[in-house]
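As a plain string of letters, each chain reads:
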Amino acid sequence: MKMNGMRVYELELDFKSAVHVGTGGEHKYPAYAYLPDFAKKEVVLLDPERLVVELEEDRRDLFLRAVADGPVRAQRLLRGWHEEGVPLPELGRLPASPAFLNTVKNASDDAMLEFRPLPRSLEGPYLPGSSVKGALRTAWIYYQLEPKLQQRDLVYAGDRRVWEERPSKDGEGYIRPGRGGPRAAQLLEGYALGYLRGGKPNMYRDPFRAVRLGDGPPLAATRLERGGTFHPKRADRGEIVLMEVIPAGTRLRIPFRYHEGLFRHKVVAGKVDTDDLADAARTFYGGVLDEELSYTQQKNWGAAADFYRNLLEEAETNDGSFLLRIGFGSGKLSNTLLFLMDEAFPITRKSAGSSMPQMGLPLGWVKARLIEAER
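Everything numeric here is computed off the predicted structure, so don't read it as measured data.

Thresholds, definitions, all that
- One numbering rule holds for all chains: residues counted from 1, following each sequence as written.
- Two thresholds apply to this predicted model, a pLDDT of at least 70 for residue-level local features and 80 or more for giving and counting side-chain atom pairs, whereas whole-chain, interface and lining totals are computed over all residues.
- Working from all heavy atoms in the structure, the side-chain values ignore hydrogens and water.
- Whenever Lys or Arg places a side-chain nitrogen within 4 Å of a carboxyl oxygen from Asp or Glu, that contact is recorded as a salt bridge.
- Going along the chain from the N terminus, every DSSP run of H or I of four or more residues is numbered as a helix, and every run of E of two or more is numbered as a strand.
- Think of it in three bands: residues with accessible area under 20% of the maximum for their type are buried, residues over 50% are exposed, and the middle band is partly exposed, with areas taken using a 1.4 Å probe on protein chains only.
- For our purposes a nonpolar core is just a set of buried Ala, Val, Leu, Ile, Met, Phe, Trp, Tyr and Cys residues, chained together by side-chain atoms within 4.5 Å.
- Contacts are assigned to residue pairs with any non-hydrogen atoms lying within 4.5 Å of each other.
- DSSP calls a pair of strands paired once it identifies at least 2 bridges connecting them.
- Axis definition: a line fit to C-alpha positions, over the contact stretch in the case of helices; interaxial angles, taken between N-to-C directions, run 0 to 180 degrees.

Asker: Residue-level account of the pattern of salt bridges, with values.
Answerer: Under the definition given, this model contains 29 salt bridges. Its salt-bridge partner being Glu12, residue Arg253 comes within 3.3 Å of it at the nearest N-O pair. A residue pair is termed long-range when its members are at least 10 positions apart, and Arg253 in strand β17 (residues 251-259) and Glu12 in strand β2 (residues 6-15) qualify at 241 residues. Its relative accessible area of 38% is what places Arg253 among the partly exposed residues. Between Arg93 and Glu90 there is a salt bridge, with its nearest N and O atoms 3.6 Å apart. Residues joined by salt bridges that share partners form a network here, namely Asp14, Lys16, Arg251, Glu314, Asp319 and Lys367.

The structure is reproduced here in structure tokens:
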């Protein structure tokens, strides 16, 4: 639907793997505020402030000392009280995967056991539209840069803080940022999207200012999952990440508006055509999918390879949809446009559902489709 220079759509999202989006801060759910129910495969969310108020004085002192002694000590105390039938004030319950519950059950004494919640409003957890917009923006930047790199390099001249197109030394163009750091990345985005003025980024002219995505509706169901971040060349199992996720199989729609008038009146530096935007996502995330499948097959990571193989088959259906990878797990590949750089493949991996991260399933994959709103 088009009204007053605004094109109005809904972006339909079909979650193909678990998705976790951080809260943008250090907020984590502490171990003394939840209680695993292994029999029901759930986690009981507790109200620790109310618990402290309602406990008898001797139990209150025991609880506060246990919290001071560490998360595992507090968990053991709470589990013991639960078995005794001590009333513990509940805020709710969340289903938890076997990998999450086993991590909590077998934790060493120095484990933190806190989990990362999804963003929440007064109505419950939700998917922020900004996370989806970021994934679309990454694909669009790739879409704008890739044609410039046909037999030409894009080189950051740090002495003058500019990007220059130069003939490629080996016949295939790459982005070569050198040691430019964050400044180079900011200028690269401005160069790709055309909002540099006098060599400096003018964010008010960023074409994606005209793309407006709303937040998702309150999620009907979430669950707790054990994620892992690991380095394929290291022998250790990597970092454990406990988190609340949007489960695979979830479907939802979020508002999508394109303010075409901002381009027509030259407020922003370029047009973001929605058909081209969908093609950009197909091109970029299709490439990510191909690379990930090849990598997991090479490493003989069966579960992940099967996931990518099935997703690739689904992505090839001509139904107007396109893939995105959002939130935790989207990684360096999408954030720094590694396809266009003469660098190695991402050195860290993220997955969920297994105590061995390389045996887990990829995070963050959704199938999207733009649906024009009815009048």
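Asker: How would you explain the nonpolar core if you had to name every residue and give the values?
Answerer: With 63 residues, the main nonpolar core has Leu13, Val132, Tyr285 and Leu324 as its most contacted residues. In contact with Leu324, other than residues within four places in its own chain, are Val132, Ala135, Leu136, Ala281, Tyr285, Gly364, Trp365, Val366 and Ala368. Core analysis: the next-biggest nonpolar cluster, separate from the first, contains 18 residues, Ala31, Val43, Ala107 and Leu113 among them.

Asker: Describe the pairing of strand β4 (residues 42-46), listing the residues and the values that go with them.
Answerer: A large share of β4 lies buried, amounting to 4 of its 5 residues. Here strand β3 (residues 34-37) pairs with β4 via 4 bridges, running antiparallel. Bridge assignment links Pro36 to a residue of β4, and that residue is Val43. If you look at the hairpin formed by β3 and β4, you'll find 4 residues sitting between the two strands, and Lys41 has a positive phi there, around 55°.

Asker: Any chance you could break down the sheet that holds strand β5 (residues 90-95) for me, citing the residues and the numbers?
Answerer: Spatially, the 3 strands line up as an open sheet ordered β3-β4-β5, and their pairing is antiparallel. The open sheet has two edge strands with one neighbour each: β3 and β5. Going across the sheet, the axis of each strand differs from the next one's by a mean of 25°, ignoring polarity. Running at roughly 60° to β3, helix α3 (residues 71-84) makes contact with β3 and β4 of the sheet.

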